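# What the coordinates show
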Amino acid sequence: MKESLELMKNKALMAITQAENLEQLEGIRVQFLSKKGEVSLLMGTLRDLPMEERPSFGAEVNLLKASIEEALYDKKQILEEQALAAILEKEKIDVTLPGYQFYQGAIHPLNQVIEDVEDLFVGLGYEVAEGPELENDHYNFEMMNLDKEHPARAMQDSFYTDENHLLRTHTSPVQARTMLEKKGKPLRIICPGKVYRRDDDDPTHSHQFTQIEGLVIDEHITFANLKDALLTMVRHLFGHDRIIRLRPSYFPFTEPSVEVDVSYQKKDGTLGWIEVLGAGRVHPRVLEMGGYDPKKFQGFAFGVGVERIAILKYKIDDIRHFYLNDIRFLSQFKGVNR
Ligand code: DAH
């Protein structure tokens, strides 16, 4: 019996020494130590022995078991270390190799202007409003005080989809929509969005462009409030040395109406003016149609062309650059304003 114990021990230890990987080692463990393994079977032969030999035999088998367990444990440490070393070797990283180039997009310059103006006005307590691009004739014209015969409709050659619907020619219909929504309560909004006009003759004009509309309605609103809002916007966009000039103009939805110029320094050092937007005091008819009592409420409104702002701000020579999606053009605006 002793001999068979010794034999089994040698056999097990030899196998463990020769094991080349963790799977083989686990196989050896199962072969000797599992419930039906060779050591357990040996233990089963205990009852065939005479009573007096059983305790010492049992102790021997336990010793055998312990020494196999120990050898398995030691070998396992070695094999695990080897496996890790092999992985490290295989996955070695050469940190001196050049990295990958990840292409980073840029925010479109028109959207940069819109976000910039939104940030400014939201900071001043305005809400950002939106309206549909396919607009009802009623909101686009009637509610803006342009009835069917109004000559100013011709100024805004439009794309009709049926008798009553058109691609909005300006962002002003959002004024009407917001007024009706606010049901006579004071409001201040800005509304950025795309607008559409037919423009057959001039190739430098786009049939689609972008505007930002502003509207404030409250009690005690004066022209000074309008001037303040416009100057704040102009200086935010172009710098604090700029001044503005208001020239009388005409829009059906405002009375009085103005055209707004921004100052710039000419090459010879003198002051020049560039027209940037239209504005005015909200026409009493527009207030009335929007559900506001013009005796109690006043308002001001303005409409800015976003392309025009971007052209001046970034010194762009042709409006068509904005729509061609040429990455060489667009990638110049990475990190501008941010
Ligand atoms: N809607 C005008 C246009 O498209 C721009 C405009 C002018 C908007 C004066 C206004 C305003 O709100 O008060 O040409």
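Please refer to the structure placed before this passage.
Residues numbered from 1 in each chain as written. Predicted model: local features only at pLDDT ≥ 70, side-chain atom pairs only at ≥ 80, totals over all residues. Heavy atoms only, no water.

The subject of this paragraph is the overall build of the chain. For the chain, the count of helices and strands is 11 helices and 10 strands. The C-alpha atoms of the chain give 42 Å as radius of gyration, which overshoots the globular expectation for 338 residues (20 Å, by more than 25%). Counting only C-alpha atoms and orienting by the principal axes, one finds that the chain spans roughly 125 × 50 × 40 Å. For the chain, the proportion of its 338 residues judged to be buried stands at 38%. Considering only contacts in the chain between residues 6 or more positions apart, those separated by 24 or more positions represent 65%. Approximately 20,200 Å² of the chain is accessible, and the part contributed by carbon and sulfur atoms is 54%. The centroid of the 42 positive side-chain charges in the chain is displaced by 3 Å from the centroid of its 54 negative side-chain charges. (Helix = DSSP H or I, 4+ residues; strand = E, 2+ residues; numbered from the N terminus. Rg over C-alpha atoms; globule rule 2.2 N^0.38 Å. Buried < 20%, exposed > 50% of the residue type's maximum accessible area, 1.4 Å probe, protein only. Contact = heavy atoms within 4.5 Å. Areas by Shrake-Rupley, 256 points an atom, 1.4 Å probe, with all protein chains shown as cover. Lys, Arg positive; Asp, Glu negative; His and termini not counted. Charge placed at Lys NZ, Arg CZ, Asp CG, Glu CD.)

Among the nonpolar cores identified, the biggest contains 38 residues, and Leu230, Met233, Leu277 and Phe302 are the most heavily contacted of them. Mapped by element, the contributors of at least two residues to this core are α5 (109-123), β6 (208-218), α8 (223-238), β8 (254-265), β9 (271-282), β10 (298-305), α10 (306-314) and α11 (327-330). Per-element tally for this core: the top contributor is α8, with seven residues. Look past the residues within four positions of leucine 230 in its chain and what remains in contact with it is Ile244, Leu246, Val260, Leu277, Ala279 and Phe302. Of all hydrophobic cores here, the second largest spans 23 residues; its members include Val174, Leu187, Ile189 and Leu215. (Core = buried A, V, L, I, M, F, W, Y, C linked by side-chain atoms within 4.5 Å.)

With respect to the helices, strands and loops of the structure, asparagine 145 is situated in the loop between α6 (137-140) and β3 (160-162). A polar contact of 3.0 Å, which involves the side chain of asparagine 145, links it to the backbone oxygen of proline 252. In contact with asparagine 145, not counting residues within four places along its chain, are His150, Pro252, His283, Arg285, Val286 and Met289. (Polar contact = N/O pair within 3.5 Å; in protein donor to acceptor, adjacent residues only side chain to side chain.)

What follows is about the packing of helix α1 (residues 2-18) against helix α4 (residues 54-90). Two elements in contact, α1 and α4, have axes whose closest approach is 10 Å; the angle formed by their N-to-C orientations is 5°. In terms of their interaxial angle, α1 and α4 are classed as roughly parallel. Together, Lys2, Leu5, Met8, Lys9, Ala12, Leu13, Ile16 and Thr17 of α1 and Phe57, Glu60, Val61, Leu64, Ser67, Ile68, Ala71, Leu72 and Lys75 of α4 make up the contact between the two elements. A class-by-class count of the residues in the contact of α1 with α4 yields 11 nonpolar, two polar and four charged. (Axes fitted to C-alpha atoms, helices over the stretch in contact; angles between N-to-C directions. Parallel < 35°, antiparallel > 145°, perpendicular 65-115°, else oblique. Nonpolar A, V, L, I, M, F, W, Y, C, P; charged D, E, K, R; others polar.)

This part covers the sheet that holds β6. The seven strands lie next to each other as β1-β5-β6-β10-β9-β8-β7, forming an open sheet whose pairing is mixed. Pairing within the sheet leaves two strands with one partner each, and these edge strands are β1 (127-128) and β7 (244-251). Where strand β5 (residues 187-196) and β6 come together, 10 bridges link them in antiparallel fashion. Bridge pairing links isoleucine 190 to glycine 214 in β6. Strand contacts of α5: β1, β5, β6 and β10, with the helix running at about 170° to β5, the strand carrying the most contacts. (Pairing = 2+ DSSP bridges.)

In this structure, the second largest pocket encloses a volume near 260 Å³. Lining the second largest pocket are 15 residues, with Asn111, Ile114, Gly193, Lys194 and Thr210 positioned closest to its centre. Counting only elements with at least two residues in the lining of the second largest pocket, the list comes to α5, β5 and β6. Partitioned by chemical class, the residues of the lining of the second largest pocket number five nonpolar, six polar and four charged. (1 Å grid on protein atoms, 1.4 Å probe; cavity = no way out; pocket = protein on both sides within 12 Å on 5 of 7 lines; lining within 4 Å. Points joined across faces, edges and corners; volume = space filled by probe spheres on them.)

This next bit is on the pairing of β5. Most of β5 sits inside the fold, with eight of its 10 residues counted as buried. Relative to β5, β1 runs parallel, the two sharing two bridges. By the bridge assignment for β5, valine 128 is matched with isoleucine 190.

Remark: helix α2 (residues 22-33) packs on α4, axes separated minimally by 10 Å, with the N-to-C direction vectors making an angle of 170°. For the element pair α2 / α4, the angle class is roughly antiparallel. Here α2 contributes Leu22, Leu25, Ile28, Arg29, Phe32 and Leu33 to the contact with α4, which in turn contributes Lys65, Ile68, Glu69, Leu72, Lys75, Lys76, Leu79 and Glu80. Tallied by class, residues from the contact of α2 with α4 come to eight nonpolar, no polar and six charged.

This paragraph deals with the sheet that holds strand β4 (residues 165-167). Spatial strand order, β2-β4-β3: three strands in an open sheet with antiparallel pairing. Edge positions in the open sheet fall to β2 (134-136) and β3, since each of these has one partner strand only. Here the average twist between neighbouring strands, direction ignored, is 35°. Here β2 pairs with β4 via three bridges, running antiparallel. Residue asparagine 136 lies in a different strand from β4, and its bridge partner there is histidine 165.

Mapped onto the fold, leucine 187 is located in strand β5. Apart from the residues lying within four places of it in its own chain, the contact partners of leucine 187 are Thr178, Met179, Lys182, Leu215, Val216, Ile217 and Tyr292.

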